[in-house]
Amino acid sequence: MQEVGDEVFNCIDEANAIINDVKAHVAEIAISSKLVSSATKIYLNIRTIESATCCVQVTGRGFKIVSSQYDTIDEDNSLGSDAEPEEEEIFETPYALLDKISPRYVESFGNKLCQQLRQLQQMRTEFHEEDEEEEDDE
């Protein structure tokens, strides 16, 4: 664990939080067991719903795709041939990264959100019905 000013960045805790947050929207996500992590960076292996794989470096700066294969860091660290070698694409959030690499991520996320809203609406309806029954009893 490394202290940066008053902030403490714990890569393993951060990685586990990311995994728990997005695991419903990817086919697979795990901390790399082969690449060495440190107090300031950790590597995640991700397989999208579309079965595309990548290895992502997570640091305090954000999320950077370092390879299209698990447990690997490409020498040039860039996947797009259009990108200049000195240009690094760093995503601020795991959602921005998934939005870029997985077209079905947005659909999956939207479906989950709709499901949660329906559950909330059902809970509110049930709660309202209980209130009406209590008023009728009085």
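Right above here is the structure, for reference.
Residues numbered from 1 in each chain as written. Predicted model: local features only at pLDDT ≥ 70, side-chain atom pairs only at ≥ 80, totals over all residues. Heavy atoms only, no water.

Engineer: How would you sum up the sheet that holds strand β7 (residues 90–91)? Please name residues and give values.
Structural biologist: Taken in spatial order, the five strands of this open sheet run β3-β4-β5-β6-β7, and their pairing is antiparallel. Strands at the two margins of the open sheet, each flanked by one partner only, are β3 (28–31) and β7. Both strand β6 (residues 62–67) and β7 contribute to a ladder of two bridges, which runs antiparallel. Following the sheet pairing, F63 is matched in β7 by F91. Against the sheet, helix α2 (residues 94–101) touches β4 (41–47), β5 (53–59), β6 and β7, its axis set at about 40 degrees to β6. (Pairing = 2+ DSSP bridges. Helix = DSSP H or I, 4+ residues; strand = E, 2+ residues; numbered from the N terminus. Contact = heavy atoms within 4.5 Å. Axes fitted to C-alpha atoms, helices over the stretch in contact; angles between N-to-C directions.)

Engineer: Describe unusual backbone geometry, with residues and values.
Structural biologist: Most peptide bonds take the trans configuration, and most residues that are not glycine carry a negative phi. For S51, which is not glycine, the phi dihedral falls at a positive 75 degrees. Following the sequence through the fold, S51 ends up in the loop between β4 and β5. Backbone geometry at D71 places phi at a positive 55 degrees, although glycine is not the residue there. Along the polypeptide, D71 turns up in the loop between β6 and β7.

Engineer: I'd like a rundown of the packing of aromatic side chains, residues and numbers included.
Structural biologist: Per the counting criterion, the structure on display carries one aromatic pair. Ring centres 5.9 Å apart and planes at 40 degrees place the aromatic pair Y105 and F109 in the tilted group. Here Y105 pairs with F109, and both are found in helix α3 (residues 103–137), just four residues apart, close to one helical turn. You can call F109 partly exposed: its relative accessible area is 39%. (Phe/Tyr/Trp six-rings, centres within 6.5 Å; stacked < 30°, edge-to-face > 60°. Buried < 20%, exposed > 50% of the residue type's maximum accessible area, 1.4 Å probe, protein only.)

Engineer: For empty space enclosed by the protein, give the residues involved together with the corresponding values.
Structural biologist: In total, this model carries one cavity of 30 Å³ or more according to the counting rule given. For the largest cavity, the calculated volume is near 50 Å³. Elements that contribute at least two residues to the lining of the largest cavity include exactly α1 (11–22), β4 and α2. Counting residues per element, the lining of the largest cavity draws most heavily on α2, which supplies three residues. Taken together, the residues of the lining of the largest cavity sort by class into 11 nonpolar, no polar and no charged. (1 Å grid on protein atoms, 1.4 Å probe; cavity = no way out; pocket = protein on both sides within 12 Å on 5 of 7 lines; lining within 4 Å. Points joined across faces, edges and corners; volume = space filled by probe spheres on them. Nonpolar A, V, L, I, M, F, W, Y, C, P; charged D, E, K, R; others polar.)

Engineer: Tell me what's going on with the state of the cysteines, and back it up with residues and numbers.
Structural biologist: Here a disulfide denotes a covalent bond joining the sulfur atom of one cysteine to the sulfur atom of another. For the structure on display, the rule yields zero disulfides. Of all cysteine sulfurs, the one in C54 lies closest to C55, which takes part in no disulfide; the gap is 7.6 Å. (Disulfide = S-S within 2.5 Å.)

Engineer: Outline the packing of α1 against α2, listing residues and values.
Structural biologist: Close contact between α1 and α2 brings their axes to 11 Å; oriented N to C, the two are set at 50 degrees. It follows that α1 is oblique to α2 by the angle criterion. Relative to α2, α1 is oriented so that their crossing is right-handed. Within the contact between the two elements, α1 uses I18, D21 and V22 and α2 uses P94, Y95 and L98. Residue composition of the contact of α1 with α2, by class: five nonpolar, no polar and one charged. (Parallel < 35°, antiparallel > 145°, perpendicular 65-115°, else oblique. Left-handed = near helix turned anticlockwise from the far one by under 90°.)

Engineer: Describe α2, listing the residues and the values that go with them.
Structural biologist: Buried within α2 we find P94, L97 and L98. Projected down its long axis, α2 shows its buried positions confined to an angular sector of 95 degrees, all on one face. (Arc of directions from axis to C-beta.)

Engineer: Give a description of a nonpolar patch on the surface that names residues and reports values.
Structural biologist: A cluster of nonpolar side chains, namely F109, L113, L117, L120 and M123, defines an oily patch on the protein surface of about 490 Å² accessible area. Position of L117 among the secondary structure elements: in helix α3. (Patch = residues over 30% accessible without salt bridge, like charges linked within 9 Å, V, L, I, M, F, W, Y side chains within 5 Å. Areas by Shrake-Rupley, 256 points an atom, 1.4 Å probe, with all protein chains shown as cover. Salt bridge = Lys/Arg side-chain N within 4 Å of Asp/Glu carboxyl O.)

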